[in-house]
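# Examination of the molecular architecture
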Amino acid sequence: MDAFGLANYALFILVLVGIYGLMALGLNVQWGLGGLFNAGIAGFFAIGAYASAILTSPALPGRVGGFELPVAAGWVGAMALAALLAWPIGRVCLRLRSDYLAIATIGVAEIIRLAVRSEDWLTGGVRGISGIPRPFGELPYFASQLAYLALVAAAVLLAYVLVERQLRSPWGRMMRAIRDNEAAAAAMGKHVESRRLEAFVLGSALMGLAGALFVHFNRSITPEAIDPMIVTFLVWIMLILGGSGNNRGALLGALVIWLIWSLSELLTDRLPTEIAIQAKYARMFLIGLALQLVLRFRPEGILPEERRTHGRDQDDS
Amino acid sequence: MDAYEFINFHLVPGLLLGSIYAIGAIGVTLVFGILRFAHLAHGDLITLGAFLALGAVTLGGLDPWLALPVAMALAAAVAVGIDASCYAYLRERPRILTVMASLGVALMVRSVVQMGWGTDPTTYTTGILRPDEYFGFILLRDRELATFAAVIVLVAALEAFLRLTRWGRAMRAMSDNPDLARLCGVDNRQVVRLTWIIVGMLCAAAGFLLGINTEVWAMMGWWVLLPVFAAAILGGVGRIDGAVLGGLVIGLAEELSVLVLPAQYKSATAFVILLLVLLFRPRGILKGKVL
């Protein structure tokens, strides 16, 4: 690969780091802050991707859509729809322990997958949706990639600032109090269920936005483009490795894991075909193993959650 | 639609699927009740069990039904090994971390299956089996009769074990109240190991029965994870009879749903039932636990 090709590849990787970083931030709101187990991240990602695709793509006979709305409207629509999907699920499951939410979100992801495959009139079925506009898409290839990266970076930065503010606000303190001792927080008059619902909906909206960013980058979407288990799992390992409860940790995790994941793909692609297929599953095995290892040896992640204690004696030091 | 069609194309397949779900749901309900977490790797252990039986058939040249006990023994060993290596050290930490670890185990088990056997669906035996007619109007294949028989034997044996033996009572005691059980001298670690042995065996049985009635493929267990959990929660977490009842209800509901829903949404039925149960009766029909 020459220098230009390498730069292009680096841009491509960085855009995806940004997209996964956004999902890791969303998961950090849910898990890091609220202790909510979302095992259907890919479902919210897919909802966002398809929502934005349908809102912004050109019309095609036999399919609803082709509204050709501006891309920004697609992004807002993606967040709104992901939030709208999260709300009833959260309402039903958040009264109970997070185990039930885990099962229900697995269900959500599977149902969305079924719907995306079979509702031709809405999602184009297995053919998917193509011709999705891309901001700055009319520029030459390299400049267009660079401009899109800037856009993704701006979205991630905005999300980071917002989530960081939430985390440091009274709302964030309340969430952590609920996560660490639900009974005590409830006894202090905090409305546990509503706070959790807010965290769940906010996190899901960020995942939907990530889907929208992905679909406009890719310019097309098919059901095959999203492997639920891999997407969900990558985001989980990003957050846990980076440090749950820490937004910078979430972004760092996204960078590290996505680099390892895509560089290892470069390696396995060079293997002879017979081994290449095995190697694909070996990579999946290794991310599963990585999670076990992090949980065992570094459960707080690379950048642990900051535990600031407010009090007189801390001020002196 | 006449009664003949209803019975043979909806009722019997529903009961068949439901009885297989029941075996899966008993495993889920045992882990949920005794170890108190949602074991998300259950579906992929079912897949592994089915493939272990396939291995015994293709490598050992066994008859499929003789491969079943072999697969059950192997799966029990795998389940104990997974617990010792991936769950045991999390026992003192918040339970939700074990749920997360089990999602990782699900991915690992699945990729082992895919590395070992590929992703193409296969079957234990080849050839088309014609159903026989019973009572003049019920069509059943031999393997379907054997499946019903196997499910009844397994459930009866498990119930007998839990009610009549010392270890079975210890398991029930720990399900009711782990601290009290420990105070009364129940060795929790032994009970945990025993639970995983039983759960591994049940996974292999569910996988084998599903595989012999349909196909053996890498995603078969992941696809039944949701119905199996729905069945366990619908019946009441921690209750064996509840899991059987829940399994039958979910299996029937899925097979009957094609009367009103497009067939591709069959597997959405379990999800809808799960949400309704969590909304209106989280303890399930038979009043199980709520975590």
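Predicted, not measured: the structure shown is a model, and the values here were computed from it.

### What to know about the overall build of chain A
Helix and strand counts for chain A stand at 13 helices and 0 strands. Starting at the N terminus and ending at the C terminus, chain A contains elements arranged as α-α-α-α-α-α-α-α-α-α-α-α-α. Its C-alpha radius of gyration of 20 Å places chain A within 12% of the 20 Å reference for a compact globule of 317 residues. Out of the 317 residues in chain A, the part that is buried amounts to 47%.

### Thoughts on helix H9 (residues 220-235) of chain B
Residue and element names in this part refer to chain B. End to end, H9 covers 23 Å across 16 residues, agreeing with the expected 22 Å (1.5 Å per residue, within 8%). With 15 of 16 residues buried, H9 lies mostly within the body of the structure. Gly236 sits one or two residues past H9 and shows a positive phi near 115°.

### Some remarks on the interface of chain A and chain B
One frequent convention defines the size of an interface as the accessible area lost when the parts assemble. Counting residues at the interface gives 33 residues for chain A and 35 residues for chain B. Counting only elements with at least two residues in the side of chain A that touches chain B, the list comes to helix H3 (71-93), helix H4 (98-118), helix H10 (228-242) and helix H12 (273-297) of chain A. In terms of residue class, the side of chain A that touches chain B is built from 22 nonpolar, 7 polar and 4 charged.

### So, the packing of helix H5 (residues 142-164) of chain B against helix H6 (residues 166-176) of chain B
All names here are of chain B. Interaxial distance between H5 and H6 falls to 5 Å at its minimum, and their mutual angle equals 85°. In this view, H5 runs roughly perpendicular relative to H6, as classed from their interaxial angle. Judged by residue contacts, Phe161, Leu162, Arg163 and Leu164 of H5 engage Gly168, Met171 and Arg172 from H6.

### Points about the environment of Arg110 of chain B
Residues and elements named next belong to chain B. Position of Arg110 relative to the elements: it lies in helix H4 (residues 95-117). A residue is classified by how many C-beta atoms lie within 10 Å of it, and Arg110, with 25 of them, is buried. A sequence separation of 135 residues divides Arg110 from Leu245, and the C-alpha atoms of the two residues are 29 Å apart. Apart from residues no more than four positions distant in its own chain, Arg110 is found in contact with Asp44, Thr47 and Ala218.

### Quick word on the confidence of the model for chain A
All names here are of chain A. Of the residues in chain A, 97% have a pLDDT of 70 or more, and the chain-wide mean is 89. Averaged over each element, pLDDT in chain A is lowest for helix H13 (residues 312-316) (42) and highest for helix H9 (residues 192-218) (95). Under a pLDDT of 50 for its full length, residues 311-317 has, in the predicted model, 1 contact with residues more than four places off or in other chains.

### Observations concerning the packing of helix H2 (residues 42-58) of chain B against H4 of chain B
All names here are of chain B. Running from N to C, H2 and H4 point in directions that differ by 25°, and their axes come no closer than 8 Å. Taken together, the axes of H2 and H4 lie roughly parallel to each other. Of the two elements, H2 crosses H4, and the hand of that crossing is left-handed. Contact with H2, carried on its side by Gly43, Asp44, Leu45, Thr47, Leu48 and Phe51, involves Ala106, Val109, Arg110, Val113 and Trp117 of H4 and no other residues of that element. Of the residues that constitute the contact of H2 with H4, the class distribution is 7 nonpolar, 2 polar and 2 charged.

### Digging into helix H3 (residues 64-87) of chain B
Between its first and last C-alpha atoms H3 of chain B spans 32 Å; for 24 residues at 1.5 Å apiece the expected length is 34 Å, and the two agree. By the burial criterion, the buried members of H3 of chain B are Ala67, Leu68, Ala71, Met72, Ala75, Ala76, Val78, Ala79, Ile82, Asp83, Cys86 and Tyr87 of chain B. Close packing links the buried residues of H3 of chain B with H12 of chain A together with H2, H4 and helix H8 (188-213) of chain B.

Rules and cut-offs
Residues numbered from 1 in each chain as written. Chains lettered and ligands numbered in written order. Predicted model: local features only at pLDDT ≥ 70, side-chain atom pairs only at ≥ 80, totals over all residues. Helix = DSSP H or I, 4+ residues; strand = E, 2+ residues; numbered from the N terminus. Rg over C-alpha atoms; globule rule 2.2 N^0.38 Å. Buried ≥ 20, exposed ≤ 12 C-beta atoms within 10 Å, placed from the backbone. Expected span 1.5 Å × (residues − 1). Contact = placed C-beta atoms within 7 Å. Nonpolar A, V, L, I, M, F, W, Y, C, P; charged D, E, K, R; others polar. Axes fitted to C-alpha atoms, helices over the stretch in contact; angles between N-to-C directions. Parallel < 35°, antiparallel > 145°, perpendicular 65-115°, else oblique. pLDDT = per-residue confidence, 0-100. Left-handed = near helix turned anticlockwise from the far one by under 90°.

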